[in-house]
Amino acid sequence: MTRLRIPKIAPKPKDYSKIPWTEEFRDKFPTRKITKYLNDDVGIEDLRDFLFAEKHVDFRKSLLLVNALKNEHGIVRNDNEVLLTVNFPFCEWRCVDCNRTMYQKSKCSDVYMYYFDAIMREIQLTREIIKKKCYIVKAICFTGNLLALDERELEQVLQACAYSLSESCVELGNPKFITRTKLEILKKYNVTRFIVNALTFNTVSLRKLCRRYEFKDVYDYYKLIAEYGFDLSIELCVGLLAEHEIQLGRNIQLAIELGASCIDLYSRCCPYNRNERDLTDIKMISEQRRLLEFANETLHNNGYYPYFLYCTEVNNGCFENVGYALPNKRCKYMEDLKEEISTVIGCGSDAKSVIVKNLHNTRKYLNNTYDMGQYVFGIDEILDKKRKFFEL
């Protein structure tokens, strides 16, 4: 068993009631606020000390900002590079307060066959868009539950979405759909990564979320993923429900032991659920800041580095959501998506398309209908809107 390297306990209790971000850097993307201070006198290696000494940013937050900025400097902002998201909205259970549109495949068999035909038509239109606009697909992510498809359908989708030189990811909510045959098909079509929306491995929390499994029930599936050599991204929540440092530390330790090359930490709730009210109680805010610092130090001590960073609840707690990765193992899809860098082409119900113009700092959005039935019976109108959106 890998021994988790946890932060050393400070000799004096730290006061977490003081906001670690100064007013200037309380922003959704604080790294974008610090680039203006890079000059001949202040290089990126000096920036941490400058932020701490001159701008009075908390020292640990200064280090976090600079490390995230170092990764951002390596990202090419090319408007011809796009992300592709293909959504299969199937789930065996739905978390409390989840705002995603999900269905049990076994309970919508009458609509499913039409949904599959409709999304294949949208995937084909997407190929036309990519060809005519001379786009380069940087990364693909199959969201929802691609593995709910049967083997023939799975191969058909992967073949239609095969683009050379792109990172290909599969979101994983319920590992029980994993089989060796399906993993072999994924390898055949160069899928490289699973993104696991775990949130937590704590049994009590899983039951409160209405996730009907325990860690021991899915452990063998994770080991099977590792056996086939897929990269693994695990998404966890910091400050979820009634979890404290001991639960958070165990969640991180299990993610490391499972071989996660990326561990993405979200503050308080799942990135698909922003229904929770902002914290206003100073004791709860202080505790959340303490947990975030503990998580940051723990992952830093275990060799993980930030590759995306954005803040939520900016007007109150200003809590950071951070993706951490081992060196040269970051997830390109999540990096671009969270930093809002690339154009996104979305396929399927509840999918979102975004046209990004980095030079002019503009974004234009198109959302597909969230209802699977409306998607199926309105597919002709959806495709027409998409053609006009991408100016075909």
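The structure this text deals with has already been given above.
Because the structure is predicted, anything quoted here is derived from the model rather than measured.

Procedures and definitions
Numbering of residues starts from 1 in each chain and follows the order in which that chain's sequence is written. Owing to the predicted nature of the model, reporting of local features is limited to residues with pLDDT of at least 70; listing and counting of side-chain atom pairs is limited to 80 or more, with chain, interface and lining totals taken over all residues. Processing note: side-chain calculations cover all non-hydrogen atoms of the structure and skip hydrogens and water entirely. Pairs of strands are assigned from DSSP output, requiring at least two bridges between the strands. Helix and strand assignments come from DSSP, with helices taken as H or I runs of at least 4 residues and strands as E runs of at least 2, each series counted from the N terminus. We define a nonpolar core as any set of buried Ala, Val, Leu, Ile, Met, Phe, Trp, Tyr and Cys residues linked to one another through side-chain atoms lying within 4.5 Å. Relative accessibility decides the category of a residue: with a 1.4 Å probe and only protein chains considered, values under 20% of the type maximum give buried, values over 50% give exposed, and everything between is partly exposed. Residue contacts follow a heavy-atom distance rule, with two residues in contact if any of their heavy atoms lie within 4.5 Å. Multiplying 1.5 Å by the helix residue count minus one yields the expected span of that helix. We call two N or O atoms a polar contact when they sit within 3.5 Å, provided that within protein one can donate a hydrogen and the other can accept it, with sequence-adjacent residues counted only if both atoms are side-chain atoms. All axes are obtained by fitting lines to C-alpha atoms, using only the stretch in contact for helices, and the reported angles, taken between N-to-C directions, cover 0 to 180 degrees. Here the word oblique covers every angle except those under 35 degrees (roughly parallel), over 145 (roughly antiparallel) and from 65 to 115 (roughly perpendicular). Whether a crossing is left-handed or right-handed is set by the direction in which the near helix is turned from the far one by less than a right angle, anticlockwise for left-handed and clockwise for right-handed. Under the grouping applied here, Gly and all other residues not named as nonpolar or charged are polar, the nonpolar ones being Ala, Val, Leu, Ile, Met, Phe, Trp, Tyr, Cys and Pro and the charged ones Asp, Glu, Lys and Arg. Every case where a carboxyl oxygen of Asp or Glu lies within 4 Å of a side-chain nitrogen of Lys or Arg is listed as a salt bridge.

Caption draft 1: The arrangement of the pairing of strand E11 (residues 362-367) in detail. In this sheet, E11 lies alongside strand E10 (residues 352-357) in antiparallel orientation, the contact comprising 6 bridges. By the bridge assignment for E11, Ile 355 is matched with Lys 364. Here E10 folds back onto E11 in antiparallel fashion, the turn holding 4 residues, of which Asn 361 has a positive phi close to 55°.

Caption draft 2: A look at the nonpolar core. Among the nonpolar cores identified, the biggest contains 108 residues, and Phe 88, Leu 146, Val 157, Leu 186, Phe 194, Phe 201 and Ile 234 are the most heavily contacted of them. Per-element tally for this core: the top contributor is helix H4 (residues 109-132), with 10 residues. Once residues within four sequence positions are removed from consideration, Val 157 is found in contact with Phe 88, Phe 116, Met 120, Ile 123, Phe 142, Leu 146 and Leu 149. Membership of the second largest hydrophobic core comes to 18 residues, among which are Phe 29, Ala 139, Cys 262 and Tyr 333.

Caption draft 3: Representation of helix H3 (residues 59-72) within the structure. Taking 1.5 Å as the rise per residue, H3 with 14 residues should run 20 Å; its terminal C-alpha atoms sit 20 Å apart, in good agreement. Most of H3 is tucked away: 10 of the 14 residues are buried. All buried positions along H3 are accounted for by Lys 61, Ser 62, Leu 64, Leu 65, Val 66, Asn 67, Ala 68, Leu 69, Asn 71 and Glu 72. Residues of H3 that are buried make contact with helix H1 (31-34), helix H2 (47-53), helix H10 (282-301), strand E7 (305-312), strand E8 (319-325) and helix H11 (332-339). Where H3 starts, the residue carrying a side-chain oxygen 3.0 Å from the main-chain nitrogen of Arg 60 turns out to be Asp 58.

Caption draft 4: Representation of the side chain of Lys 61 in the model. Counting through the fold element by element, Lys 61 comes out in helix H3. When its relative accessible area of 6% is taken as the criterion, Lys 61 is described as buried. When residues no more than four places from it in sequence are discounted, the contact partners of Lys 61 are Pro 20, Trp 21 and Glu 320.

Caption draft 5: Main features of the environment of Leu 337. With respect to the helices and strands, Leu 337 occurs in helix H11. Counting along the chain gives 260 residues from Leu 337 to Arg 77, while the straight-line C-alpha distance between them is 12 Å. Once you skip the residues sitting within four places of it in the chain, Leu 337 turns out to touch Leu 83 and Val 344.

Caption draft 6: Quick look at the packing of H4 against helix H13 (residues 379-389). Remark: H4 packs on H13, axes separated minimally by 11 Å, with the N-to-C direction vectors making an angle of 15°. In terms of axis orientation, H4 runs roughly parallel to H13. Of the two elements, H4 crosses H13, and the hand of that crossing is right-handed. Contacts from Ala 118, Arg 121, Glu 122, Leu 125, Thr 126 and Ile 129 in H4 reach Ile 379, Asp 380, Ile 382, Leu 383, Lys 386 and Arg 387 in H13.

Caption draft 7: Spatial organisation of the packing of H3 against H10. In the contact formed by H3 and H10, the axes pass within 11 Å of each other and the chain directions differ by 55°. Considering their axes alone, H3 and H10 lie oblique with respect to each other. In terms of crossing hand, the pair formed by H3 and H10 is left-handed. Together, Arg 60, Leu 64 and Asn 67 of H3 and Glu 293, Asn 296, Glu 297 and His 300 of H10 make up the contact between the two elements. Partitioned by chemical class, the residues of the contact of H3 with H10 number 1 nonpolar, 3 polar and 3 charged.

Caption draft 8: Molecular detail of the pattern of salt bridges. The final tally for this structure, using the stated rule, is 30 salt bridges. The partner of Glu 24 in a salt bridge is Lys 55, and the shortest N-O contact between them spans 4.0 Å. In this pair, Glu 24 is assigned in the segment before H1 and Lys 55 in the loop between H2 and H3, connecting sequence segments 31 residues apart. Taking the shortest distance from any N to any O, the salt bridge between Glu 227 and Arg 180 comes out at 2.9 Å. With Glu 227 in helix H8 (residues 215-227) and Arg 180 in helix H6 (residues 180-188), this pair connects stretches of sequence that are 47 residues apart. Relative accessible area serves as the criterion here: at 54%, Glu 227 is assigned to the exposed category. By relative accessible area, Arg 180 is classed as partly exposed at 43%.

Caption draft 9: H8, seen in detail. Over its 13 residues, H8 runs 18 Å from end to end, which matches the ideal 18 Å to within 8%, given 1.5 Å per residue. Every buried residue belonging to H8 is among Phe 215, Val 218, Tyr 222, Leu 224 and Ile 225, and all of these are buried. For H8, the elements touching its buried residues are strand E3 (167-172), H6, strand E4 (193-199), strand E5 (231-238) and helix H9 (245-257). Residue Gly 229 follows H8 closely and has a positive phi angle near 80°.

Caption draft 10: Structural context of unusual backbone geometry. Look at Asn 190: it is not a glycine, yet its phi comes out positive at around 65°. With respect to the secondary-structure elements, Asn 190 resides in the loop between H6 and E4. Looking at Asn 190, the relative accessible area reads 55%, which means it is exposed. The phi angle at Asn 361 is positive, at roughly 55°, despite the residue not being glycine. Assignment of secondary structure puts Asn 361 in the loop between E10 and E11.

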